[in-house]
Amino acid sequence: DHSAVQLKFSPGESRLIVHDGTGNQYALPRPRMDHSQSLLLDAWTLEIPDKGSINIVNPLPSWNELGCGDYSGFMRYNTEFTWDQETSHAILALGDVRYAATIYLDGKDMGSCIFTPFMLRLSGLRRGKHILEIRVLNTLANSVCGTEERYMQLEKRGVFIGTYAPLYLKLDRQKVISGLLGPVELIPAYIRKDHSK
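By convention here, each chain's residues receive numbers from 1 onward along its written sequence. Confidence filtering applies because this is a predicted model: local features only for residues at pLDDT of at least 70, side-chain atom pairs given and counted only at 80 or more, and all residues used for totals across whole chains, interfaces and linings. Excluding hydrogens and water, the side-chain figures rest on all heavy atoms present in the structure.

S.K.: I'd love a proper account of the environment of Ile17, names of residues and values included.
M.R.: Each helix is a run of H or I in the DSSP string that is no shorter than four residues. Each strand is a run of E no shorter than two, and both are numbered from the N terminus. Looking at the element boundaries, Ile17 is found in strand S1 (residues 17-19). It is 9.8 Å that separates the C-alpha atoms of Ile17 and Leu7, two residues lying ten residues apart in sequence.

And the structure:
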């Protein structure tokens, strides 16, 4: 028995197809989002490795602007928000991320965003206060050429002799902007009960 499911995708969107064991297949419904009730998350604490924590607000700065242009790895963004919507579902829209993020809600791993549009569905949101943590990972390009000074240090030490690294310098320099750049918002979502497209 072959059945077909027709889907339309937004750029970067993933969809889950369910096979219910009786031969029926369907895609889980898209949530209906209420942008008029969006909650902008604009006050964050950023944990910078070996430098402690700082408070940041929108517009969110890149790691380069914070003096961490040659850092490669994770940084943690934390914020607290109050959820007072009728629905327990939301879409977390991260905006611009360089280059990947893992999301924790009240200490629970909710998933990762590694492609645009950097959105994640959150379910089971209870009314009240919540703690959101976003761990952002950048690329190794920063440790090589995140700053001109860093690149010059490595070049003087002869790190690139006999390698192809200088050939990729221009490409790597395009990847050195790092961080959660946002804007970050929680959009109330209402889940349809049917299995329509």
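S.K.: Break down the pattern of salt bridges for me, citing the residues and quoting the values.
M.R.: Salt bridges are identified by distance alone: a Lys or Arg side-chain nitrogen within 4 Å of an Asp or Glu carboxyl oxygen. Taken as a whole, this structure holds four salt bridges when the rule is applied. The shortest N-O distance in the salt bridge between Glu133 and Arg76 comes to 3.5 Å. One end of the pair, Glu133, is in strand S13 (residues 128-137); the other, Arg76, is in strand S7 (residues 74-83), and 57 residues separate them in sequence. Exposure classes here rest on a 1.4 Å probe applied to the protein chains alone. A residue is buried below 20% of its type maximum, exposed above 50%, and partly exposed in between. On the accessibility criterion, Arg76 (34% relative accessible area) is partly exposed. Between Arg135 and Glu133 there is a salt bridge, and its shortest N-O distance comes to 2.4 Å. Note on Arg135: relative accessible area 23%, which makes it partly exposed. Glu133 sits in the buried class, given a relative accessible area of 15%. Salt bridges here are not isolated pairs; linked through shared partners, they connect Arg76, Glu133 and Arg135.

S.K.: Would you mind going over the side chain of Asn138 in detail, with residue names and values included?
M.R.: Residue position: Asn138 is located in the loop between S13 and helix H1 (141-145). The buried category is assigned to Asn138, whose relative accessible area is 7%. Counting of polar contacts relies on pairs of N or O atoms within 3.5 Å, with two restrictions inside protein: one atom must be capable of donating a hydrogen and the other of accepting it, and residues adjacent in sequence are counted only when both atoms are side-chain atoms. Within the structure, the side chain of Asn138 is placed 2.9 Å from the backbone nitrogen of Gly73, a separation counted as a polar contact. At 3.3 Å, the side chain of Asn138 forms a polar contact with the side chain of Asn142.

S.K.: Break down the packing of aromatic side chains for me, citing the residues and quoting the values.
M.R.: Centre-to-centre distance and the angle between the planes together describe a pair of aromatic rings. In this analysis, rings of Phe, Tyr and Trp, with Trp reduced to its six-membered ring, are considered paired at centre separations within 6.5 Å, and the interplanar angle assigns stacked below 30 degrees, edge-to-face beyond 60, and tilted for intermediate values. As enumerated under the stated definition, the model contains two aromatic pairs in all. Between the aromatic rings of Trp44 and Tyr77, the centroid separation amounts to 6.3 Å while the plane-to-plane angle is 85°, which identifies the pairing as edge-to-face. Here the residue Trp44 occupies a position in strand S5 (residues 43-48), and Tyr77 occupies one in strand S7, the gap between them amounting to 33 residues. Consider the ring centre and the ring normal. A charge sits over the ring if Lys NZ or Arg CZ is within 6 Å of that centre and within 35 degrees of that normal. The residue whose ring lies beneath Arg135 is Tyr104, and the NZ or CZ to ring-centre distance is 4.1 Å.

S.K.: Can you tell me about the pairing of strand S12 (residues 119-122), naming the residues and giving the values?
M.R.: Side-chain alternation along S12 places Leu120 and Leu122 on a buried face and Met119 and Arg121 on a face that remains uncovered. Note: two strands are recorded as paired if DSSP finds a minimum of 2 bridges between them. Of the pairings in the sheet, the one linking strand S8 (residues 89-93) to S12 comprises four bridges and is antiparallel in character. The partner of Leu92 across the bridge, within S12, is Leu120.

S.K.: Summarise the nonpolar core; cite the residues concerned and give the values.
M.R.: Definition of nonpolar core: a set of buried residues of the types Ala, Val, Leu, Ile, Met, Phe, Trp, Tyr and Cys, connected through side-chain atoms within 4.5 Å. Formed by 30 residues in total, the largest nonpolar core has its most connected members in Trp44, Leu94, Ile134 and Leu180. For this core, the elements supplying multiple residues, two or more each, are S5, S7, S8, strand S10 (100-105), S12, S13 and strand S15 (184-190). Counting residues per element, this core draws most heavily on S7, at four residues. The contact criterion used is simple: two residues touch if any of their non-hydrogen atoms lie within 4.5 Å. Beyond its immediate chain neighbours, meaning those up to four positions away, Trp44 contacts Ile54, Asn55, Ile56, Leu60, Tyr77, Asn78, Thr79, Leu132, Ile134, Leu180 and Val184. Ala141, Cys145, Phe160 and Val176 belong to the second-largest nonpolar core, a separate cluster that totals six residues.

S.K.: Any details on the sheet that holds strand S11 (residues 108-113)? Residues and values, ideally.
M.R.: Taken in spatial order, the six strands make up an open sheet running S6-S5-S7-S13-S10-S11, and their pairing is antiparallel. The sheet terminates laterally at strand S6 (52-57) and S11, the two strands that pair on one side only. Averaged over all neighbouring strand pairs, the angle between strand axes comes to 25°, with direction disregarded. Where S10 meets S13, six bridges bridge the pair, whose relative direction is antiparallel. Counterpart to Leu105 in the pairing with S13 is Leu132. Note on definitions: angles span 0 to 180 degrees between N-to-C directions of axes, and those axes are lines fitted to C-alpha atoms, for helices only across the stretch in contact.

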